[in-house]
Amino acid sequence: MKKLFMLTLITGLITSLNVSAQQDKSKRPSPPAKVSQILSSGADISIDYSRPSVKGRSMTQLTPSGKVWRTGANEATVFETSKDVKIEGKTLPAGKYSVYTIPGENEWTIIFNKTWKQWGTVYKDTEDALRITVKPDKSDKFVEMMTFDINKGGKVSLTWADTQVNFKVK
C-alpha cells in the first residue's frame, strides 16, 4: 500500500510539473508579446501575439506571397479595441479580432477576423470583419523576431526580417 501511495504521489508531482512547464508560454520558441496604446480618440488598442524568428530563412519562405498567413505563431494574433476605430479609413467595431495577412511584393492585405480565440492556422474568410490593403516597406534594421509596435499617433507597425508593414488606426 505504501509503495502504491508513493508511486501515485510521484506520478502526480511529475504530471503537475509537466503541465506547469507546458503552460509557461515564455519558454516557447516563439514567445508571446503584447503591445498596447491609448489613442487620442480614447480607444485603447492592443495586439497580443507570438514572435516567430527568421532563423536564416527568407521572407518568401516565412510569408508566402499571395497566400493567407497567420501573422505570428501559436494561437491567433489578437487585435483588440475598446471603441470603434477607423483603420486606413475603414470602420472596425469595438471588440477582439484575429489578425491574418496576405503578403505581396507591392501590397499586403491585413485581415481582421471575428474568430479570435483559436489556434492561428484556423482561418475562415466568411468571418472577416475588415480587410485593408497597405504597401510594405524595407525596415531600417533587420529584426530577427516578428514585432508589432503601436505609436501614440495610432501608427501600427509589423516588422520582421527586412520588411515593415504599417497601417493607421484612428
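Rules used in this analysis
Residues numbered from 1 in each chain as written. Predicted model: local features only at pLDDT ≥ 70, side-chain atom pairs only at ≥ 80, totals over all residues. Heavy atoms only, no water. Helix = DSSP H or I, 4+ residues; strand = E, 2+ residues; numbered from the N terminus. Contact = heavy atoms within 4.5 Å. Areas by Shrake-Rupley, 256 points an atom, 1.4 Å probe, with all protein chains shown as cover. Core = buried A, V, L, I, M, F, W, Y, C linked by side-chain atoms within 4.5 Å. Buried < 20%, exposed > 50% of the residue type's maximum accessible area, 1.4 Å probe, protein only. Pairing = 2+ DSSP bridges. Axes fitted to C-alpha atoms, helices over the stretch in contact; angles between N-to-C directions. Salt bridge = Lys/Arg side-chain N within 4 Å of Asp/Glu carboxyl O. pLDDT = per-residue confidence, 0-100. Polar contact = N/O pair within 3.5 Å; in protein donor to acceptor, adjacent residues only side chain to side chain.

A count of helices and strands for the protein chain gives 2 helices and 10 strands. Starting at the N terminus and ending at the C terminus, the protein chain contains elements arranged as α-β-β-α-β-β-β-β-β-β-β-β. Counted over contacts in the protein chain with a minimum sequence separation of 6, partners at least 24 positions apart contribute 53%. Total accessible area on the protein chain stands at roughly 10,000 Å², and carbon and sulfur atoms take up 54% of it.

We now examine the nonpolar core. Ranked by internal contacts, the top residues of the largest apolar core, which has 33 residues, are Phe-79, Ile-87, Phe-112, Phe-167 and Val-169. Sort the elements by how many residues they give to this core and strand E10 (residues 155–168) lands first, with 6 residues. Those residues in contact with Phe-79 that lie beyond four places of it in its chain are Ile-45, Ser-46, Ile-47, Ile-87, Leu-92, Gly-95, Lys-96, Tyr-97, Val-99, Phe-112 and Val-169.

This brings us to the sheet that holds strand E8 (residues 128–134). Taken together, the 6 strands give an open sheet; going across it, the order is E1-E2-E3-E6-E7-E8, and neighbouring strands pair in antiparallel fashion. Of all strands in the sheet, those with a lone pairing partner are strand E1 (32–38) and E8, marking the two edges. Across the sheet, the mean angle separating the axes of adjacent strands is 20° when strand polarity is ignored. Strand direction decides the pairing type here: strand E7 (residues 108–113) and E8, joined by 6 bridges, are antiparallel. Looking at the pairing, Ile-111 lines up with Arg-131 of E8.

This paragraph deals with the pattern of salt bridges. Between side chains of opposite charge, pairing is possible as soon as their charged atoms come close. The tally for this structure, following the rule as stated, stands at 2 salt bridges. One salt bridge connects Arg-131 with Asp-128, and the closest N-O pair in it is separated by 2.9 Å. Look at Arg-131 and you get partly exposed, because its relative accessible area is 34%. Owing to a relative accessible area of 18%, Asp-128 belongs among the buried residues under this scheme.

The next point concerns the pairing of E7. Counting buried residues along E7, 6 of its 6 residues qualify, which places the element largely inside the surrounding structure. On E7, burial covers both faces: Trp-108, Ile-110 and Phe-112 on one face and Thr-109, Ile-111 and Asn-113 on the other are all buried. One ladder, built from 5 bridges, connects strand E6 (residues 95–102) with E7; its direction is antiparallel. Paired with Thr-101 across the bridge in E7 is Ile-110. Counted between consecutive antiparallel strands, the loop separating E6 from E7 contains 5 residues.

The residue Phe-79 is located in strand E3 (residues 78–81) in this model. Note on Phe-79: relative accessible area 1%, which makes it buried.

Let us look at the pairing of E6. In terms of residue burial, E6 counts as a mostly covered element, since 6 of its 8 residues are buried. In this sheet, E6 lies alongside E3 in antiparallel orientation, the contact comprising 4 bridges. Paired with Thr-81 across the two strands is Gly-95, which belongs to E6.

Looking now at the confidence of the model for the protein chain. Looking at the protein chain as a whole, its pLDDT mean stands at 88, while 84% of the residues score no less than 70. Here residues 5–9 is modelled with pLDDT under 50, and outside its nearest four sequence neighbours on either side it reaches 0 contacts, counting other chains as well. Contacts for the low-pLDDT stretch residues 13–21, under 50 throughout, to residues beyond four places or in other chains number 0 contacts.

Once that is clear, we can look at the side chain of Ser-157. Tracing the backbone shows Ser-157 in strand E10. Among the residues examined, Ser-157 registers a relative accessible area of 8% and is labelled buried. Only 2.6 Å separates the side chain of Ser-157 from the side chain of Asn-166, close enough to count as a polar contact. With sequence-adjacent residues up to four places away left out, Ser-157 is seen in contact with Thr-147, Phe-148, Asp-149, Gln-164, Val-165 and Asn-166.

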